[in-house]
Structure formats: structure tokens, C-alpha cells
Amino acid sequence: MTTTAPAAALPDTTRRARRRRRQLLVHATQLALLVVLIGGWQLLVQGDQHAIILYGVPSQIVFRLQTWVTDGTAIGSLGDQIWTTLQEALLGFLIGTALGIVCGIALGRIKFLADVFGPFIKVLNAIPRIVLGSVFVLAFGLGLESKILLVIVLVFFGVFFNAFQGTREVDRNFVANATILGASRWQVTRHVVLPSAFTWIIASLHVSFGFALIGAIVGEFLGGYAGLGVLIKNAQGTFDASGVWAAMVIMGIVALIAEWLITWLEHRLLRWRPAQLTGPDL
């Protein structure tokens, strides 16, 4: 009977070859799945005008994207619409993340603040935050401000609760040792608490940017002059399912790029973290 050597005991060249084979298998499976889904969609819908109006068809989605890129949209160039939505999502994401980290660590470190503000935060978190988009549009108009505020609200709570819980989960022995060595409260927070909580914070960013895009799109849908949300709203109003899907494809591409950047940032900032346990390489 033969046994398989542990991955750690294999030569580097063998491990790299196994990783490459596994990556090729993963990419090939993903491509095959995409072909089956899109091809099946095309075959099921084509020739049925009623179904095309309701569900769209991949070939028309591609054609709509080509038209938007070459001729622009009904409300301006496609680049302007993407940039408008990105501005709202990025600004709201950065502000909401910063506020969430600061407030989460502050309440996690200072019990008095947690006791005072805890009930208010729980009540605000229970409110359907998408509904606040209408309030922001009425209060701040159809410009960027109302969308950015909605994005901030959507992003803040996810980051806040992760930062708060990450602060509470810090090993108390590390905090005690740093205090015994003469570290001030700020130094303990900066050199012990923040690095330990950073894993929780970074994990929240993967979900939070998706919420940022949702907030920007919903804000534009509720009231706006430009952006991908307005494109979706106009396409919906004219029963243009292909236009709705085309805007969603653009959103998906933006989300994938953002996910790649956040993953890269995670690897850069958390290089000290031990390697995660995974299954055996193929």
C-alpha cells in the first residue's frame, strides 16, 4: 500500500506544480460553468420575444454594452456613469470604514462608551437602512451627498461590529504584558489591539464594498441625475431587460476588481499572520 506524502514534505517544485494544476482545474471548471449558464440562457430564450423582453438574452446584453461603449448612453457617456457610481461608492466606503473602525475600537476599549451608546447603535442597526435613502434624497437632493450618506450608513455597521468584536477578542495576556512593560493606553491600542483586530476589520471590508455599491445604486435609483442606478431605472422603465443586465455586468466587473484589491491589501497588511489551513493540493 502506498501513502501520499504531506504537502509540507514535498519539494518546492512539486508543490508549485500541484498548485498550478489545481489553479488550471479551477479556472477550467469556472469557464465551463460560465459557458453552460450563458449558453443555456441563450438557447432557452432566443426566438421567444416575450421571454426576451422579460429576461433578456446574452447576445443582446453584449450588443447593448458595445453600444454604450461606442455611442454612449441616453444620459451621457458610459465612463461618466461608471465614474459617478464609483465616486459615491468609494467616498462612502472610505468614510464609513474609517468611522466604523474608530467607533468600534473606541467602544471595544472603553466600556463606559459601550454601555452608553450600545442601545442606540442596536436601534439604528435594526432600522432598514435602505429606507433611509429616501430621507437622504429629500434632505440633501439628487446630488452625490445623498448617495454618499446612504453608502456610509450601509458600510459603517458592518465594519463597526467587526472592529468592536475584534477588539473584545484580543488576548488579555498581551494587553496585560504590554501594560506591565509600561505601555500607555494609546500604545496598547496601537501596537496590540489594532493589529489583533485587523483580521476582523479586513474580513468586513470584503462584504462592505458590496454594500457600498448597493448603496450607490439604490441611491441613484431613488433619485439621481447620473450613474449605473439611473441606467438600470431607465432600462426598467422601458422594459429593457438587456439594459438592466448590461448595467449589472458592469457592476459585477467593478466588484471583482474591488475584491481583488481588498485581497491584495489583506495579504500586504497581514503578512505576519500564520498560513491558513487548507485542504491538500491537487
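Reading the values: rules and limits
- Counting of residues starts from 1 at the beginning of each chain's written sequence and follows it residue by residue.
- It should be noted that, the model being predicted, local features are given only for residues of pLDDT at least 70 and side-chain atom pairs only at 80 or more, the latter also being counted only at that level, while totals for whole chains, interfaces and linings use all residues.
- By convention in this description, side-chain values take in all heavy atoms of the structure and omit both hydrogens and water.
- In this analysis an axis means a line fitted to C-alpha atoms, helices contributing only their contacting stretch, and an angle means the value between N-to-C directions, from 0 to 180 degrees.
- A run of DSSP states H or I qualifies as a helix once it reaches four residues; a run of E qualifies as a strand once it reaches two. Both are numbered from the N-terminal end.
- Working rule for angles: under 35 degrees goes down as roughly parallel, over 145 as roughly antiparallel, 65 to 115 as roughly perpendicular, anything else as oblique.
- Here, residues are in contact when the closest pair of their heavy atoms is within 4.5 Å.
- Residue type decides the class: Asp, Glu, Lys and Arg count as charged, Ala, Val, Leu, Ile, Met, Phe, Trp, Tyr, Cys and Pro as nonpolar, and the leftover types, Gly among them, as polar.
- When a carboxyl oxygen of Asp or Glu lies within 4 Å of a side-chain nitrogen of Lys or Arg, that pair is called a salt bridge.
- Working definition: with a 1.4 Å probe on protein chains only, accessible area under 20% of the residue-type maximum means buried, over 50% means exposed, and in between means partly exposed.
- For this analysis, a ring pair means two rings from Phe, Tyr or Trp (six-membered ring only for Trp) whose centres lie within 6.5 Å, classed as stacked if their planes differ by under 30 degrees, edge-to-face if by over 60, and tilted for the remaining angles.
- Here, nonpolar core refers to any group of buried Ala, Val, Leu, Ile, Met, Phe, Trp, Tyr and Cys residues whose side-chain atoms link them within 4.5 Å.
- Residues with no salt bridge and a relative accessible area higher than 30% make up the patches, which join like charges within 9 Å and nonpolar side chains (Val, Leu, Ile, Met, Phe, Trp, Tyr) within 5 Å.
- Residue exposure ignores everything except the shown protein chains as possible cover, and the areas themselves are Shrake-Rupley values with a 1.4 Å probe.
- Each polar contact in these results corresponds to two N or O atoms within 3.5 Å; when the atoms are within protein, one needs to be able to donate a hydrogen and the other to accept it, and residues that are neighboring in sequence are counted only if both atoms are side-chain atoms.

Draft legend 1. View of the packing of helix 4 (residues 78–109) against helix 5 (residues 111–126). With their axes 6 Å apart at the nearest point, helix 4 and helix 5 run at an angle of 125° to one another. By the angle between their axes, helix 4 is oblique relative to helix 5. Residues Ala 106, Leu 107 and Arg 109 of helix 4 pack against Lys 111, Leu 113, Ala 114, Phe 117 and Ile 121 of helix 5. Its residues placed into classes, the contact of helix 4 with helix 5 shows six nonpolar, no polar and two charged.

Draft legend 2. Spotlight on the pattern of salt bridges. For the coordinates displayed, the defined rule picks out two salt bridges. One salt bridge in this structure joins Asp 240 and Arg 64, with 2.2 Å as the shortest N-O distance. With Asp 240 in the loop between helix 10 (228–237) and helix 11 (241–269) and Arg 64 in helix 3 (residues 58–71), this pair connects stretches of sequence that are 176 residues apart. Given the relative accessible area of 21%, Arg 64 is considered partly exposed. Here Asp 115 and Lys 111 are joined by a salt bridge, their closest N and O atoms 3.2 Å apart. Taken as a pair, Asp 115 and Lys 111 lie in helix 5 at a separation of four residues, close to a single helical turn. Residue classification places Lys 111 among the exposed positions, given a relative accessible area of 56%.

Draft legend 3. Here's a closer look at the packing of aromatic side chains. Summed over the entire model, instances satisfying the criterion amount to seven aromatic pairs. Consider the rings of Phe 136 and Phe 140, whose centres lie 6.5 Å apart with planes at 55°: the pair is tilted. Here Phe 136 and its partner Phe 140 are both found in helix 6 (residues 132–140), four residues apart, which amounts to about one turn of the helix. Residue Phe 140 is classed as partly exposed on the basis of its relative accessible area, which comes to 47%.

Draft legend 4. Spatial organisation of the nonpolar core. In terms of nonpolar packing, the biggest core is built from 31 residues, with Trp 68, Phe 93, Phe 209 and Ile 250 touching the most fellow members. Where this core is concerned, the elements lending two or more residues are helix 3, helix 4, helix 7 (144–168), helix 9 (185–222), helix 10 and helix 11. The greatest single-element share of this core, amounting to nine residues, is contributed by helix 9. Apart from the residues lying within four places of it in its own chain, the contact partners of Phe 209 are Leu 90, Phe 93, Val 254, Ala 258 and Ile 262.

Draft legend 5. Main features of a nonpolar patch on the surface. Together, Val 249, Ile 253, Ile 257, Trp 260, Leu 261, Trp 264, Leu 265 and Leu 269 make up a nonpolar patch on the protein surface, roughly 770 Å² of accessible area in all. In this fold, Val 249 is placed in helix 11. Under the relative-accessibility criterion, Val 249 is labelled partly exposed at 35%.

Draft legend 6. Region of the structure containing unusual backbone geometry. Of note, Phe 239 is a non-glycine position whose phi angle comes to about 55°, a positive value. Of note, Phe 239 is situated in the loop between helix 10 and helix 11.

Draft legend 7. Just helix 10, in detail. Residues of helix 10 that are buried: Leu 228, Gly 229, Val 230, Leu 231, Ile 232 and Ala 235. On its buried face, helix 10 sits against helix 3, helix 4, helix 9 and helix 11. Following helix 10 by one or two positions, Phe 239 adopts a phi angle in the positive range, close to 55°.

Draft legend 8. Seen up close, the side chain of Gln 81. With respect to the helices and strands, the residue Gln 81 is situated in helix 4. Classification of Gln 81 as buried rests on a relative accessible area of 1%. Polar side-chain contacts of Gln 81 include one of 3.1 Å to the backbone oxygen of Ser 77. Those residues within four positions of Gln 81 in sequence are excluded, and the remaining contacts are Thr 73, Ile 75, Gly 76, Ala 226, Gly 227, Leu 228 and Leu 231.

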